[in-house]
Amino acid sequence: MNKKISLGAAIAYMAIVAAVAFCLTMFYSENRYNSMYSNIVEREREYDLLAEIDQYARSSYAGTINEDTLRAGIAAGYISGLDDPYARYLTEREYEAYLNAQSQRYVGIGVVTEMDVDGYIRIKTVYPQSPAASAQMQPGDLIVSVDGTAATQDNYTELVGSFQGSAGTKISLVLRRDAEEMTVELTRREIDVPTITSTLMDNVGYLSFTDINSRSSSHLDTAIRQMTQEGAQALIFDIRGLASENVEAVGNMLDILLGEMTTVYIQDQDGSLRELMTSDEKEVELPMVVLADSGTTGTSELFAQALQDTGKARVVGEKTFGKGTYQEFHQLKNGSAVYLTVARYAGPSGVTYDETGVSADYEVQYPAELDKTTTLGNPEFDTQLRRALEIATTAVKTETSGTSETTGG
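All values reported here derive from a predicted model rather than from experimental measurement.

Draft legend 1. Examining the overall build of the protein more closely. Of the regular secondary structure elements, the protein holds 10 helices and 21 strands. Among the 409 residues that make up the protein, the fraction classed as buried is 36%. In the protein, the proportion of contacts linking residues at least 24 apart, taken out of those at least 6 apart, comes to 64%. By element, 50% of the accessible surface of the protein is carried by carbon and sulfur atoms, the whole surface being about 24400 Å².

Draft legend 2. Broad picture of helix α6 (residues 216-229). For α6, with 14 residues, the first-to-last C-alpha span of 20 Å sits near the 20 Å given by 1.5 Å per residue. Listed as buried for α6 are S216, S217, H219, L220, A223, I224 and M227. Down the axis of α6, the smallest arc covering the buried residues is 155°, so these residues share one side. Away from its buried face, by an angle of more than 90 degrees, α6 presents the exposed residues R225 and Q229. Packed against the buried residues of α6 are β10 (196-201), β11 (204-209), β12 (234-238) and α7 (247-257). Immediately downstream of α6, the backbone of G231 shows phi near 110°, a positive value.

Draft legend 3. Region of interest: the sheet that holds strand β21 (residues 362-363). Pairing within the open sheet is mixed, and its six strands lie in the order β10-β11-β12-β16-β18-β21. Every other strand in the sheet has two partners, leaving β10 and β21 as the edge strands with one partner each. The pairing of strand β18 (residues 313-317) with β21 spans two bridges and is classified as parallel. By the bridge assignment for β21, G317 is matched with E363. In the packing of α6 onto the sheet, the strands contacted are β10, β11 and β12, and the crossing angle to β10 comes to about 15°. Running over the sheet, helix α8 (residues 299-309) touches β11, β12, β16 (288-292) and β18 and is turned about 130° from β18.

Draft legend 4. Just the pattern of salt bridges, in detail. Applying the stated criterion to the full structure yields 17 salt bridges. Ionic pairing is found between R215 and D192, a salt bridge with its closest N-O pair at 3.3 Å. Note that R215 is positioned in the loop between β11 and α6 and D192 in the loop between β9 (189-190) and β10, a separation of 23 residues in sequence. Assessed through its relative accessible area of 26%, R215 is described here as partly exposed. Its salt-bridge partner being K372, residue D293 comes within 3.5 Å of it at the nearest N-O pair. Taken together, the residues span a long stretch of sequence, with D293 in the loop between β16 and β17 (297-298) and K372 in helix α9 (residues 372-375) at a distance of 79 residues. What makes D293 buried here is its relative accessible area of 6%. Through salt bridges with shared partners, a single network forms among D54, R58 and E67.

Draft legend 5. Region of interest: the nonpolar core. The biggest cluster of nonpolar side chains holds 39 residues, and the ones touching the most others in it are L207, F209, L220, F237, L257, F303 and L307. Considering each element in turn, this core owes the most residues, six residues, to α7. Aside from chain neighbours lying at most four places away, what touches L307 is F237, L254, L257, L258, M288, V290, K312 and A313. A132, V146, V184 and L186 belong to the second-largest nonpolar core, a separate cluster that totals 18 residues.

Draft legend 6. Expanded view of a nonpolar patch on the surface. Together, L50, L70 and I74 give the surface a local cluster of nonpolar side chains, amounting to about 220 Å² of exposed area. By the element assignment, L50 lies in helix α1 (residues 7-60). Take L50: its relative accessible area is 39%, and that puts it in the partly exposed class.

Draft legend 7. Broad picture of the packing of aromatic side chains. Throughout the structure, instances matching the rule amount to eight aromatic pairs. With 5.4 Å between their ring centres and 45° between their planes, Y95 and F329 make a pair best called tilted. Of this pair, Y95 sits in helix α3 (residues 92-103) while F329 is found in strand β19 (residues 325-331), placing the two residues 234 residues apart along the sequence. Using a relative accessible area of 9% as the deciding quantity, one classes Y95 as buried. Relative to F303, the ring of F209 lies with its centre 5.8 Å away and its plane at 55°, an arrangement referred to as tilted. With F209 in strand β11 and F303 in helix α8, the pair connects residues that are 94 residues apart, well separated along the chain. Relative accessible area serves as the criterion here: at 0%, F303 is assigned to the buried category. Put simply, the rings of Y95, Y98, F329 and Y339 touch in pairs and so form one group of aromatic residues.

Basis of the calculations
- Residues numbered from 1 in each chain as written.
- Predicted model: local features only at pLDDT ≥ 70, side-chain atom pairs only at ≥ 80, totals over all residues.
- Heavy atoms only, no water.
- Helix = DSSP H or I, 4+ residues; strand = E, 2+ residues; numbered from the N terminus.
- Buried < 20%, exposed > 50% of the residue type's maximum accessible area, 1.4 Å probe, protein only.
- Contact = heavy atoms within 4.5 Å.
- Areas by Shrake-Rupley, 256 points an atom, 1.4 Å probe, with all protein chains shown as cover.
- Expected span 1.5 Å × (residues − 1).
- Arc of directions from axis to C-beta.
- Pairing = 2+ DSSP bridges.
- Axes fitted to C-alpha atoms, helices over the stretch in contact; angles between N-to-C directions.
- Salt bridge = Lys/Arg side-chain N within 4 Å of Asp/Glu carboxyl O.
- Core = buried A, V, L, I, M, F, W, Y, C linked by side-chain atoms within 4.5 Å.
- Patch = residues over 30% accessible without salt bridge, like charges linked within 9 Å, V, L, I, M, F, W, Y side chains within 5 Å.
- Phe/Tyr/Trp six-rings, centres within 6.5 Å; stacked < 30°, edge-to-face > 60°.

Okay, structure coming up:
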């Protein structure tokens, strides 16, 4: 049976609803007005203070005021007042220089050098597929002259700097190998500088990172393929002392290693998470270990956290630095720019590592008495690497044993 509502009751009900809606609207509007009013008052105080300083300076300052310098100083002062340790203000010229530096490629002959005791230029590393590699230059070769100029201790920096230049230009070197000398002419070109070096240690592939850039995912994929072809059954990623802000490159590397999932989240000002990067279903199935320390900073930490979050790898060494903030550039109307922290990174777990760092699963201190520049990466001295090798080897044995038992059953 349908119950009828009288016209008077319906009107009263509608009036109540309208009153509630009106009250809620007024409450919201009042709060919004109070907030806006408070902001306006605060801004007026800031402008009044700045105007007072400006008026006094213009009437009393004994020097000459440069308006461009003054505006840049005001902007930089505002940014410094935000208490953001990573924020900064760049003038138009500084921002242009930054953009140019970001777009530059390495053009040269493709070698890493050091000064020999006699002042010659000793080759330490020859980059693959470089002009130096094409000329069959080798580590240990001595460069005794460059374009007819003899190499000495006094001109080492100048001559090594001349290895870089415009693509297509030539350079002539005299090399000494053992007791023989030879002249080689090289043509400078753009070099894909490797960001990862790989070495097979027994049955474990040791991958050491020197940088993280837009090509690192390609370098990682190549290194893993090479190591597995040589017989690697586990992988160690050494990111000790590695600082990076390239989240896209890290996300691309995680896409190679992890299965289908969200690999990187961004935590906004209000604490909410939003998906930033994902990986597909392809993944690397080998046991993994990450070597990290207090010098592992920025998105390098994100790489370690993501592998740790997913149980894909154990972290060996020390707690990482704890810089999980995300900064971005915002260009202003006059061509200058501000660099500001706008969010925090988080790995697959959704928990940010900012200020806390990524803790090591196995804490191992590097021997304080050793010089890292000569011992890092050498398991005879490198206690952290030695522990990582033990963990990786054990994981291989456990996995092999488990596979055998399953097959046998």
